[in-house]
Each structure stands twice: as C-alpha cells, then as structure tokens.
Amino acid sequence: ILDMQQTQREEYVKSKRSGTEQDTLSTAFNFFFHISGDGDNNIIKRRLDDTPTLKTEQERTRKKMSAKAEEMNRKMAKVAKELSSSFAKYPLKGETSTWLDPSTDNAFIAAKGEPEPLFKQDYVYGPGRLGRGYYHLLTIDSYKALYARLQNEAPFICCCFGTKVARQEASDHEDVLRIVYNRSVGSRPDDAIAAEDAIKIARGEARAYYQSSQNAQLLFMTI
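Please read all numbers here as calculations on a predicted model, not as lab measurements.

1. A look at the overall build of the protein
Working step 1: Helix and strand content of the protein: five helices and six strands.
Working step 2: Split into buried and exposed, the 223 residues of the protein put 25% on the buried side.
Working step 3: For the protein, long-range pairs separated by at least 24 residues make up 50% of all intrachain contacts whose partners lie at least 6 apart in sequence.
Working step 4: If you sum the accessible surface of the protein, you get close to 16,600 Å²; carbon and sulfur atoms cover 56% of it.

2. Overview of the packing of helix α3 (residues 140-152) against helix α4 (residues 164-185)
Working step 1: The contact between α3 and α4 brings their axes to 8 Å, and the two run at 145 degrees. The two elements α3 and α4 meet at a crossing, and its hand is left-handed. Between α3, through I140, Y143, K144, L146, Y147, L150 and Q151, and α4, the contact on the second element is made entirely by H173, V176, L177, V180, Y181, R183, S184 and V185.
Working step 2: In the contact of α3 with α4, the residues fall into 10 nonpolar, three polar and two charged.

3. Some points on unusual backbone geometry
Working step 1: Look at the link from Y90 to P91: it is a cis peptide, with omega at -5 degrees.
Working step 2: For P91, the position within the fold is in the loop between α2 (54-79) and β3 (108-110).
Working step 3: The residue N106 is not glycine, and still its phi comes out positive at about 70 degrees.
Working step 4: Tracing the chain through its elements places N106 in the loop between α2 and β3.

4. Here's the deal with the environment of S142
Working step 1: Tracing the sequence through the fold places S142 in helix α3.
Working step 2: For the pair S142 and A107, spaced 35 residues apart in sequence, the C-alpha to C-alpha distance is 9.9 Å.
Working step 3: Apart from the residues lying within four places of it in its own chain, the contact partners of S142 are V124, Y135, H136 and L137.

5. Overview of the pairing of strand β5 (residues 123-126)
Working step 1: Side-chain alternation along β5 places Y123 and Y125 on one buried face and V124 and G126 on a second face that is also buried.
Working step 2: Here strand β4 (residues 119-120) folds back onto β5, and the loop between the two strands holds two residues, one of which, D122, carries a positive phi near 75 degrees.
Working step 3: Connecting β5 to the antiparallel partner strand β6 (residues 133-136) that follows it, the hairpin turn spans six residues, and G131 within it adopts a positive phi of roughly 100 degrees.

6. Overview of the pattern of salt bridges
Working step 1: As enumerated under the stated definition, the model contains eight salt bridges in all.
Working step 2: With a shortest N-O distance of 2.7 Å, E71 and R74 are connected by a salt bridge. You can see E71 and its partner R74 sitting in helix α2, three residues apart, about one turn around the helix.
Working step 3: Here R74 falls in the partly exposed class, since its relative accessible area comes to 40%.
Working step 4: Of the charged contacts in the structure, one is a salt bridge between E153 and R149, with a shortest N-O distance of 3.3 Å.
Working step 5: Each of K75, D172, D175 and R178 takes part in salt bridges that share partners, so that together they form one network.

7. Section: the packing of aromatic side chains
Working step 1: In this structure the tally under the stated criterion is four aromatic pairs.
Working step 2: Centroid distance W99 to Y143: 5.7 Å. Interplanar angle 55 degrees. Geometry classified as tilted. With W99 in the loop between α2 and β3 and Y143 in helix α3, this pair connects stretches of sequence that are 44 residues apart. When sorted by exposure, W99 lands in the same class as Y143, which is buried.
Working step 3: With a centroid separation of 4.5 Å and 40 degrees between ring planes, the pair formed by F108 and Y135 is classed as tilted. Of this pair, F108 sits in strand β3 while Y135 sits in strand β6; the two residues are 27 residues apart in sequence, bridging distant segments of the chain.
Working step 4: Judged by its relative accessible area of 17%, F108 falls in the buried class.
Working step 5: The ring centre of Y134 lies 5.1 Å from the NZ or CZ of K120, which sits over that ring.

About the cut-offs
- Residues numbered from 1 in each chain as written.
- Predicted model: local features only at pLDDT ≥ 70, side-chain atom pairs only at ≥ 80, totals over all residues.
- Heavy atoms only, no water.
- Helix = DSSP H or I, 4+ residues; strand = E, 2+ residues; numbered from the N terminus.
- Buried < 20%, exposed > 50% of the residue type's maximum accessible area, 1.4 Å probe, protein only.
- Contact = heavy atoms within 4.5 Å.
- Areas by Shrake-Rupley, 256 points an atom, 1.4 Å probe, with all protein chains shown as cover.
- Axes fitted to C-alpha atoms, helices over the stretch in contact; angles between N-to-C directions.
- Left-handed = near helix turned anticlockwise from the far one by under 90°.
- Nonpolar A, V, L, I, M, F, W, Y, C, P; charged D, E, K, R; others polar.
- Pairing = 2+ DSSP bridges.
- Salt bridge = Lys/Arg side-chain N within 4 Å of Asp/Glu carboxyl O.
- Phe/Tyr/Trp six-rings, centres within 6.5 Å; stacked < 30°, edge-to-face > 60°.
- Lys NZ or Arg CZ within 6 Å of the ring centre and 35° of its normal.

As structure tokens, then:
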C-alpha cells in the first residue's frame, strides 16, 4: 500500500511539472506567433507587424535626405537669389553629361555696355569665357562668377559679439559657398561628382605645397 501511495504521489508531481512546462512553452510560442482561423485550416503568422521592414527604413532615409535638400535649397535661395532657379536646385544629379557651352543658343547673353540689372532668372551676371554678361546656370562660367561674388559678400562675424542670428547667417553663407565652389570646379553638373573633384584638387594643392616646401628645405641645406 505504501509503495502504491508513493508511486501515485510521484506520478502526480510529474504530471504537474509536465503541465507547467507545457504552459511555459505555450506562452513562449504565442509570444512569437499568433494563430488565425481560416476555415478548417490554421495559419501560423509571425508577429512582424511592429518590426521595421527594409522598405520602411528606405522610406525614412529618403524623407531625411529630402528634408536636408529642402533646407539647403532654402539657404541657397537666401544667400544668392539666382540659386532659386530650378536649374540650380540641390542636389544636381547630372541631368546633362557635361556643362553647357556658353556659345550654345541662350546659354549666354552679352552685356550691352550699360548698367545691367544683376538678376535675371536662370542666369548669373558676371565675367566669363565670352566676356561679361549673363551666363546660364547650366554653364560652369555661371558658378565661377557667382563664387567670386559670394567670396566678396561673405559676412564678417566677431567671435565675441556676434549674435546667434548673425552666426547662423555666416554658417549658411559658408555652406552655400562650398557648394558653389564645388560646382565651379566640377567636371560635370553633378554635386556628388563635383565634391569629389574638389577633394582631388585640394589633395593636389596640398601635395604640391608639400613638395615645394621640401625643395625649399633641401635648397636651404645646400647653401
């Protein structure tokens, strides 16, 4: 009788433990999956509704880049009215394979030798390969002329007494000046390629300066 009672007790404990483990497994399973009835068939669906998909991340990145471009275009139009043109909209993405030649029809409007209005939609007024006049924003001449002008218009901010607004204006001017410079040395009307070209030029100038300084040092040592 004692043996039977001991056996029954062990079986009871075993059954309770098995039931607990089963409940734990069921809870864990239901955490990751849910079952929805579809007629006589049950379809197991993974709970991924709240997990960001690749498409969601790409859309988020696209919106962030779009907001950055809009902010830059706002700065550009503020710093130089000519840059409000659709032909100057940031970022340029190489709609044309090369810069427009100023000798092309409507790419250049010559100055008439009298006081000229500085602003003409889609053009920049200044010197260039064909003389002084209006160069279309699809010509590299327009950005060379604009870069020279913006350098002279750069705001001066005293580091001690400059207001927050003045510092922001100086920062915006510097951002726009960098883009205009890149375009003025770019091999094609594409902001990504123009930035790479500007970096190559900077590296070449740094290498040339280093070489000249080394030559000067060697010359000094031989004297």
